[in-house]
Amino acid sequence: MRAIRWLLVKDLRILWRSPVTTAVLVVYPVAVALLFGFALSRGSDKPTVALVDQVPPGEELTIGDQQLGDVVGRRELAKRVKVEDVSSRRKAERKVRDGDALAALIIPPDAVSKAESQLESSQVELLVNEEDPVKGQLVDDAIASVVAAENRRLSRALVRTNLRYLKLLLEGGRVSVLGNEFTVLGLRRIGEITRAARRALPRRSPVRLQLDRVIRFNQLALQNFGIGGKALSAVGEPIKVKKVVLSGTRVPLTSFAAALAVAVSLMFVTVLLAAGALALERTENTFARLVRGPVSRTGLLAEKVLLAGGVGVLVTLLMVFVLSAFVAVEWGRFELWLLVLVVGGAAFAAFGTALGTLAREVSAASLLAFAALLPLVFCALVPSGVVSPWLYDLTRAVSAVFPFKPALDAVQAAFYGDGDLPGPLFHLLGLGLAFALAARAGLRRFAF
Amino acid sequence: MYDEPPLLRAVELRKSFGGRQALRGVSLAAHAGELVACIGPNGAGKTTLLTILADVQAPDSGEVVTSGPVAWVPQQPALYGRLTVAENLRLFARLEDAEDVDGAVARMLAQTGLEDRAAEQVIRLSGGNRQRVNVAIGLLSSPAVLLLDEPSAALDPRQRARLWEFVGGLAGTGTSVVYSTHFVSEAERHATRVLVLADGHALFWGTPAELERLVATNGAGADDFEEAFVAFLEQHER
């Protein structure tokens, strides 16, 4: 243990005297924290959409006696996008081209009259810039959901109006047409009147047979209009969605991004430092001198894991502290974070030392670490359904044998209570042990 | 010649790397105060022999017997460039569990004549001074046997002379020194016994005077000892 302590002091002193390395180790995670922080807090999570409303002022959509306001409801639109009013189509086009707005929505002057007619669809125009496929997808999703919501709103209004007319037809009542009030008898009342009239007629009266036909038709109409009312309600919203979460929990995007920033920083700092510190013993030719006498190979490995894990945890904590200025951080869960950072740091450090045994120089070890880490992050972030099933299975398998994915899961669980914590922790411990054994085996051929 | 048993004895050492045989049954012995030179062309097996004697790697067969601590000074300086001379010495003194760390560091600084460079980072030292620190670290444990792998390779003639003066002084205090070198003259001038290696074979084991006689016989017509030695090696290669 004394030897490990002196080696730790030595490595920290070397680190302190390597200003570029130290700066990268500290500046990198802080820069990542600031970048994520600004992106999460300053940026609007709603895309800006320019709106050109050409409908004459004061003209509002009315279905039956329901006042529905604009054709495209501004309040509904504002829930999903940031609306910016623009006076003309030309200005809207310029805003989209310049990137000031993600899209422009143009509502033509006849939109209200067409929507009210119930015979023709009202058509709004969407201007988008498709130079960026991600941006294009974002516009499609945002506008499609707004249009769907508007269609639902109009459809409900139409169904409500028609249901009221249907009820009037069935039950009777008073109706106002062009300012004049009328009384509608209703099928039910007609049935009562015709049945009473039939009872008043002599048994052999030929009119009675005629009335029987009217009564049968009336009963049939009553039954079918009753069913029709329910059908009309269903048509107003033919498919209702009930969301059931099968795996994972709903985590706010900001929390996921913060967890990702923490896991990425811990991984890069720890793996690079562990790989570099071990390779340094080879570059400086000190490895053989150390292990032939004062320090065992396992002791040297343990020292590198302690060094890289310790520095990784400290730097990541600094990063979380910076990140907390932008994103809500639950300080009450500090013990859990620390546990996850320590276990994750140890697993990443073991992985880094395994990489370090493959390189003869510090620069080669760093390059190898970068080359290995970037695809791991990519594999861990591929969501299901966006690639073919076999490729998704492959990315899951790759993610399972490296520490990044379990570390990300553990960070989410520890920081935000999202998901299971013991599972990823044991996964990390297992991987850490496996990589430590691989590194120990790699050290056998390290000196020559 | 020696009444006491050797401090270091190697018997029939063999070592292969893949299909290549680096050592083919090499034996040697070094007594207290003796300077043993190991010479031969590149790839002869000198470094492999010294690392086996130093227990850095194990032989495939054969054995090494030592009495007392053995220090090993690798060919390339094994130092931390970002640490100062004193910090390097202090670190290895602590790792070697030296009883008086500061005393050991001061002694080595004095022996190597680097007191005025003690606070300087090793990365800023010349090759010669780095080699002196490299040797000094090997001596921190006051070894009975000192193994030096090509200690003068990076040194200019003046630095070489100082090094051999220093090593000669160590041998004078009873330390047994085994060193490898490219410079035949260093074996001829400083060694008490010489081992000539070529392609893993021990071609010669004896005193420099015996080697001189053998070389003179085999390399007749050569202008100097080095030329005669090359002729001797070529003859064995054939």
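Structure's up top.
What comes next is a walk through the structure. Here the structure is a predicted model, which means the values were calculated and not measured. (Residues numbered from 1 in each chain as written. Chains lettered and ligands numbered in written order. Predicted model: local features only at pLDDT ≥ 70, side-chain atom pairs only at ≥ 80, totals over all residues. Heavy atoms only, no water.)

This part covers the interface of chain B and chain A. Across the contact, 30 residues belong to chain B and 20 residues belong to chain A. A per-residue breakdown of the area chain B buries against chain A is headed by B:Tyr80, B:Arg82 and B:Leu95, which together make up 30% of the total. Our count for the chain B to chain A interface comes out at 3 salt bridges. Between A:Arg17 and B:Glu87 there is a salt bridge, with the nearest N and O atoms lying 2.5 Å from each other. Linking chain B with chain A are 12 residue pairs in polar contact (both at pLDDT 80 or more). Looking at the side of chain B that touches chain A, the elements that each hand over two or more residues are β5 (70-73), α2 (85-95) and α4 (127-139) of chain B. Classifying every residue of the side of chain B that touches chain A by side-chain character gives 16 nonpolar, 8 polar and 6 charged. (Contact = heavy atoms within 4.5 Å. Buried area = accessible area lost by both parts, 1.4 Å probe. Salt bridge = Lys/Arg side-chain N within 4 Å of Asp/Glu carboxyl O. Polar contact = N/O pair within 3.5 Å; in protein donor to acceptor, adjacent residues only side chain to side chain. Helix = DSSP H or I, 4+ residues; strand = E, 2+ residues; numbered from the N terminus. Nonpolar A, V, L, I, M, F, W, Y, C, P; charged D, E, K, R; others polar.)

All names here are of chain B. For His190, the position within the fold is in helix α6 (residues 184-190). In this structure, the C-alpha to C-alpha distance between His190 and Leu35, residues 155 residues apart in sequence, is 7.1 Å. Apart from residues no more than four positions distant in its own chain, His190 is found in contact with Leu35, Trp164 and Tyr179.

Tracing the chain through its elements places B:Thr66 in strand β4 (residues 61-66). Among all residues touching B:Thr66, those that are not within four sequence positions of it are B:Leu7 and B:Leu8.

Another aspect to go through is the sheet that holds strand β1 (residues 48-53) of chain A. All names here are of chain A. Ordered in space as β4-β1-β5-β6, the 4 strands form an open sheet in which the pairing is mixed. The sheet terminates laterally at β4 (82-85) and β6 (125-128), the two strands that pair on one side only. Going from strand to strand, the sheet's axes swing by 25° on average, the running direction of each strand aside. Pairing between β1 and β4: 4 bridges, direction parallel. Its bridge partner lying in β4, Ala50 is registered against Glu84. Along the sheet, helix α4 (residues 89-98) makes contact with β1, β4, β5 (103-107) and β6, crossing β6 at roughly 35°. (Pairing = 2+ DSSP bridges. Axes fitted to C-alpha atoms, helices over the stretch in contact; angles between N-to-C directions.)

Glancing now at the pairing of strand β8 (residues 193-198) of chain B. Look at any regular strand and the pattern is simple: side chains alternate between the two faces of the sheet. Residues and elements named next belong to chain B. Of all the 6 residues making up β8, 6 are buried; the element is thus mostly covered by neighbouring parts of the structure. The side-chain alternation of β8 yields two buried faces, one formed by Arg193, Leu195 and Leu197 and the other by Val194, Val196 and Ala198. The pairing of β8 with strand β9 (residues 201-206) spans 5 bridges and is antiparallel. Across the sheet, Leu195 pairs through a bridge with Trp205, a residue of β9. In this antiparallel pair of consecutive strands, β8 and β9, the connection spans 2 residues, and Asp199 shows a positive phi of 50°. (Buried < 20%, exposed > 50% of the residue type's maximum accessible area, 1.4 Å probe, protein only.)

All names here are of chain B. Unlike most non-glycine residues, Glu12 shows phi in positive territory, near 50°. Structurally, the position occupied by Glu12 is in strand β1 (residues 8-17). Phi angles above zero are rare outside glycine, and Asp199 is one such case at about 50°. Considering the arrangement of structural elements, one finds Asp199 in the loop between β8 and β9. Using a relative accessible area of 46% as the deciding quantity, one classes Asp199 as partly exposed.

So, on to a nonpolar patch on the surface. Residue and element names in this part refer to chain A. Among the surface-exposed residues, Phe321, Trp331, Phe334, Leu338 and Val342 lie close enough to one another that they form a single nonpolar patch of about 480 Å² accessible area. With 3 residues, helix α12 (residues 334-356) is the largest single contributor of residues to the nonpolar patch. Relative to the helices and strands, Val342 is located in helix α12. For Val342, a relative accessible area of 46% translates into the label partly exposed. (Patch = residues over 30% accessible without salt bridge, like charges linked within 9 Å, V, L, I, M, F, W, Y side chains within 5 Å. Areas by Shrake-Rupley, 256 points an atom, 1.4 Å probe, with all protein chains shown as cover.)

Moving on: the side chain of A:Thr270. Residues and elements named next belong to chain A. For Thr270, the position within the fold is in helix α9 (residues 253-283). The exposure class of Thr270 is buried, given its relative accessible area of 0%. Once residues within four sequence positions are removed from consideration, Thr270 is found in contact with Ala308, Gly309, Gly312, Gly345, Phe348 and Ala349.

Judged by nonpolar contacts, the single largest core of 124 residues is most densely connected at A:Phe404, B:Leu89, B:Leu95, B:Val196, B:Leu211 and B:Phe229. Here this core takes 16 residues from α9(A), the largest share from any one element. When residues of this core are assigned to domains, at least three fall in each of domain 1 (1-68 + 144-238) and domain 2 (78-142) of chain B. Setting aside anything within four residues of it in sequence, one finds B:Val196 in contact with B:Ile39, B:His201, B:Ala202, B:Leu203, B:Phe204, B:Leu211, B:Phe229, B:Phe232 and B:Leu233. If you look at the next biggest cluster of nonpolar residues, it comprises 26 residues, including A:Ala288, B:Ala10, B:Ala30 and B:Cys38. (Core = buried A, V, L, I, M, F, W, Y, C linked by side-chain atoms within 4.5 Å. Domains from an automatic or database assignment.)

To continue, consider the pattern of salt bridges. Note that side chains of opposite charge can pair when their charged atoms are close. Under the criterion given, the structure shown has 23 salt bridges over all chains. In this structure, A:Lys304 engages A:Glu281 in a salt bridge whose closest nitrogen and oxygen atoms are separated by 2.9 Å. Of this pair, A:Lys304 sits in helix α11 (residues 297-323) while A:Glu281 sits in helix α9, placing them 23 residues apart in sequence. When its relative accessible area of 0% is taken as the criterion, A:Lys304 is described as buried. Assessed through its relative accessible area of 0%, A:Glu281 is described here as buried. Between B:Asp102 and B:Arg90 there is a salt bridge, with its nearest N and O atoms 3.7 Å apart. Of this pair, B:Asp102 sits in helix α3 (residues 101-112) while B:Arg90 sits in helix α2; the two residues are 12 residues apart in sequence, bridging distant segments of the chain. A residue is classified by how much of its surface remains accessible, and B:Arg90, at 27% relative accessible area, is partly exposed. Taken together, the shared-partner salt bridges in this structure form one network comprising A:Lys10, A:Asp11, A:Glu281, A:Glu303 and A:Lys304.

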